[in-house]
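Overview (structure and organization)
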Amino acid sequence: MAPKTPKESKTVMTDMVLPGETNPLNNLFGGELLARMDRAASIAARRHSRRITVTASVNHVAFNRNVPLGSVVTIEASLSRAFRTSMEVYIDVWMEDRFTGERSKANEAIYTFVAVDETGKPTDVPEITPETDLEKERYAGALRRRQLSLVLAGKMKPGDATELKALFTSS
């Protein structure tokens, strides 16, 4: 199977923040946003792999701005890199001001998904080919993020994390 571009598996979900999804300050619950991001990322990973996908980890979440009641929220999830059986999905969360219609970035996250077969066994996924400058930047950073996650989980020795070492040593 030919490598795909991140745009081919990009998922965009738009919804409105309703009263039952907010905290006492009338802002979207963080857990509700996490669930929405997980669904969008899962769809993007499944579109890329054409397999069942499971969340392996939430590598990064930044709640940069509150999302008030009544806001229109758009979640954009796209693959930043595919490894053998896992895929890093980068998520951008946009908020539309309910009074002005102005759109601004509210939050972002990075999730890792694994493609599995019908028995739950990890299965290979196609590579991706980044095209835009942003896609290339996220693609390059994905290997460093993966190595850091593996080192922190005890699945990789720090000395074997070549991409991380390159950040701290000169050639």
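Here the structure is a predicted model, which is why all the values come from computation and not from measurement. (Residues numbered from 1 in each chain as written. Predicted model: local features only at pLDDT ≥ 70, side-chain atom pairs only at ≥ 80, totals over all residues. Heavy atoms only, no water.)

**Remarks on the UniProt feature "domain: HotDog ACOT-type" (unreviewed entry) in the protein chain**
- Within this structure's numbering, the places UniProt gives as "domain: HotDog ACOT-type" (unreviewed entry) are residues 7–119.
- For residues 7–119, helix accounts for 18% and strand for 48%, while the C-alpha atoms at its two ends are 29 Å apart. (UniProt positions renumbered as here; feature names shortened; annotations may be inferred. Helix = DSSP H or I, 4+ residues; strand = E, 2+ residues; numbered from the N terminus.)

**Focus: the pattern of salt bridges**
- In this structure the tally under the stated criterion is ten salt bridges.
- With its nearest N and O atoms 3.9 Å apart, the salt bridge here joins Asp15 to Arg36. Of this pair, Asp15 sits in strand 1 (residues 11–16) while Arg36 is found in helix 1 (residues 30–49), placing the two residues 21 residues apart along the sequence.
- A salt bridge links Arg84 to Asp124, with the shortest nitrogen-to-oxygen separation between them at 3.2 Å. (Salt bridge = Lys/Arg side-chain N within 4 Å of Asp/Glu carboxyl O.)

**Some details on the nonpolar core**
- Core analysis: the biggest nonpolar cluster contains 26 residues, and Met37, Ile75, Met87, Val89 and Ile91 have the highest contact counts within it.
- Broken down by secondary-structure element, the contributors of at least two residues to this core are helix 1, strand 3 (72–82), strand 4 (86–96) and strand 5 (103–116).
- The element contributing the most residues to this core is helix 1, with six residues. (Core = buried A, V, L, I, M, F, W, Y, C linked by side-chain atoms within 4.5 Å. Buried < 20%, exposed > 50% of the residue type's maximum accessible area, 1.4 Å probe, protein only.)

**What to know about the environment of Ala142**
- Within the secondary structure, Ala142 sits in helix 2 (residues 133–152).
- As a C-alpha pair, Ala142 and Val12 span 130 residues in sequence and 21 Å in three-dimensional space.
- Aside from chain neighbours lying at most four places away, what touches Ala142 is Ser80, Arg81, Phe83 and Glu88. (Contact = heavy atoms within 4.5 Å.)

**A word on the sheet that holds strand 3**
- Ordered in space as 1-3-4-5-2, the five strands form an open sheet in which the pairing is antiparallel. Whereas interior strands pair on both sides, the edge strands pair on one side only; in this sheet they are strand 1 and strand 2 (52–63). The mean angle between the axes of side-by-side strands here comes to 25°, regardless of whether they run parallel or antiparallel.
- Docked against the sheet, helix 1 engages strand 1, strand 2, strand 3, strand 4 and strand 5, running at close to 45° with respect to strand 3.
- Sitting on the sheet, helix 2 touches strand 2, strand 3, strand 4 and strand 5, and the angle it makes with strand 3 is about 80°. (Pairing = 2+ DSSP bridges. Axes fitted to C-alpha atoms, helices over the stretch in contact; angles between N-to-C directions.)

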